[in-house]
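Architecture at a glance
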Amino acid sequence: TLEACCSRAWTSCFNSTSIMAVEFEGGVVIGADSRTTTGAYIANRVTDKLTPIHERIFCCRSGSAADTQAIADAVTYQLGFHSIELDEAPLVQTAASLFREMCYRYREELMAGIIVAGWDPRRGGQVYTVPVGGMMTRQPVSVGGSGSSYIYGYVDSNYRAGMSKEECLKFTAEALTLAMERDGSSGGVVRLAVVSEQGVERQVILGNQLPKFSTV
Amino acid sequence: MSSIGTGYDLSASTFSPDGRVFQVEYAMKAVENSRSLFCVFGVTEYAVAGLLADARSLSEVSREEASNFRSNYGHDIPLKHLADRVAMYVHAYTLYSAVRPFGCSFILGSYDEDDGPQLYMVDPSGISHGYWGCAIGKAKQAAKTEIEKLQMKEMTCRELVKEVAKIIYIVHDEVKDKAFELELSWVGEGNYWILYSTSITTFLWTSF
């Protein structure tokens, strides 16, 4: 369990997290909440859990903040080197493989659930999930973090293949809002990003602007 | 156009006054005086001309490169990158007097869905280039002339296999060269094949 392997007093964890990524024609939409906790204290209420790995490749981080930051830094270095060697934009699959290699090799020491998402010229928008334990698989839509448990039903029933960018943004924002509503350890703002051939567009939906759902 | 590099040709770490590295040039001559060999790995194939022992060692190197890449990055190595890595390796052996350059040239070919068919050649000096068609070995000039007559981009693999075999037969010198065996190999969508001499004759006769 999380409590067993990190000392509550000293470790910042994102396990209190809701992260999500969706593929669409031409790119991906990624989103995350913004809460980092050490135990019951919210260490950072405006965290940015969407981390750039390369120009058009991002990762959504959940689990131990320290572990995921260290892994992301290492992969960013490796991918940058690889891209320069190849003289080409790196594939999203390569980034995901690098994450997987590290997360699997050091699975006993790490607590990291990562979603890798981005756009490359060969295969377009792609989402790969690398949960704790270090498996890697591509999915059209993926959710992660503690808050994700509450939205599997919502995602399964509302996802349709072939949604547009705007529909994906709305879908992601609503799903994350629902997760943040129910998961005590997720909250704050919703950070969204669209990664496509044109580049990266980021946005923030503040607490009072989040979609409203009836909670009767 | 051969010249004797007396005194300047004893090691690869020496330039001649006219800026040539004779050891590398001698290595390229080794390529001309030899026969070809095929090695196959995965969906990349290579043809080699030159010293067979050098060729085998180099093909082992390229297998390792491809395997390491796959293991680190999770997908098959792009051919351009493999050719660059092999070329870098070959080039390293042209820098020092403690070793001699590789006496073989390498042609690498592959097919993958993203890049389509690709062809690269590495020579003993460590240069690698991409090609639509290329030839190495003793009769390479004659073979290149024949290749230039082909409209490769408009032909299928099937047609090119026949053309390649024809060219080998055309450039083979009945007088100077001994009886030869033709080994043919091709890579295309989905798989690769190797054809040995006895089957070739049947294959060619039935196709013509």
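First, a word on what this report is: a plain description of the structure on this page.

Cut-offs applied
Residues numbered from 1 in each chain as written. Chains lettered and ligands numbered in written order. Predicted model: local features only at pLDDT ≥ 70, side-chain atom pairs only at ≥ 80, totals over all residues. Heavy atoms only, no water. Helix = DSSP H or I, 4+ residues; strand = E, 2+ residues; numbered from the N terminus. Contact = heavy atoms within 4.5 Å. Pairing = 2+ DSSP bridges. Axes fitted to C-alpha atoms, helices over the stretch in contact; angles between N-to-C directions. Buried area = accessible area lost by both parts, 1.4 Å probe. Salt bridge = Lys/Arg side-chain N within 4 Å of Asp/Glu carboxyl O. Polar contact = N/O pair within 3.5 Å; in protein donor to acceptor, adjacent residues only side chain to side chain. Nonpolar A, V, L, I, M, F, W, Y, C, P; charged D, E, K, R; others polar.

Residues and elements named next belong to chain A. Checked against the element boundaries, W119 lands in strand β7 (residues 112-120). For the pair W119 and V200, spaced 81 residues apart in sequence, the C-alpha to C-alpha distance is 9.9 Å. In this structure, W119 is in contact with G26, G27, R56, V92, G124, G125, V195, S196 and E197, ignoring residues within four places of it in sequence.

A separate point is the environment of A72 of chain A. Residues and elements named next belong to chain A. In this structure, A72 sits in helix α2 (residues 65-86). Counting along the chain gives 52 residues from A72 to M20, while the straight-line C-alpha distance between them is 17 Å. Those residues in contact with A72 that sit more than four places away from it in its chain are T51, I53, C59, R61 and F99.

Turning our attention to the sheet that holds strand β10 (residues 141-144) of chain A. Residues and elements named next belong to chain A. Taken in spatial order, the 5 strands of this open sheet run β10-β1-β2-β11-β12, and their pairing is antiparallel. A single partner strand is all that each edge strand has here, and the edge strands are β10 and β12 (199-205). Geometrically, the sheet is characterised by an average inter-axis angle of 10° between neighbouring strands, direction not taken into account. Both strand β11 (residues 190-196) and β12 contribute to a ladder of 7 bridges, which runs antiparallel. Each residue of the ladder has a partner; that of V195, found in β12, is V200.

The partner chain B presents 12 residues to the 11 residues of chain A that form the contact. The contact between chain A and chain B buries some 1,000 Å² in all, and 46% of this surface belongs to carbon and sulfur atoms. The three residues of chain A that bury the most area against chain B are E85, L86 and R122 of chain A, which together make up 42% of that side's buried surface. The tally of links from chain A across to chain B stands at 4 salt bridges. Note that R85 of chain B and E85 of chain A form a salt bridge whose closest N and O atoms lie 2.8 Å from each other. The interface formed by chain A and chain B includes 6 residue pairs in polar contact (both at pLDDT 80 or more). For the side of chain A that touches chain B, the elements supplying multiple residues, two or more each, are α2 and α3 (92-105) of chain A. For the side of chain A that touches chain B, the element with the most residues is α3 of chain A, which contributes 5 residues. Its residues placed into classes, the side of chain A that touches chain B shows 3 nonpolar, 4 polar and 4 charged.

Honestly, it's all geometry; don't read function into it.
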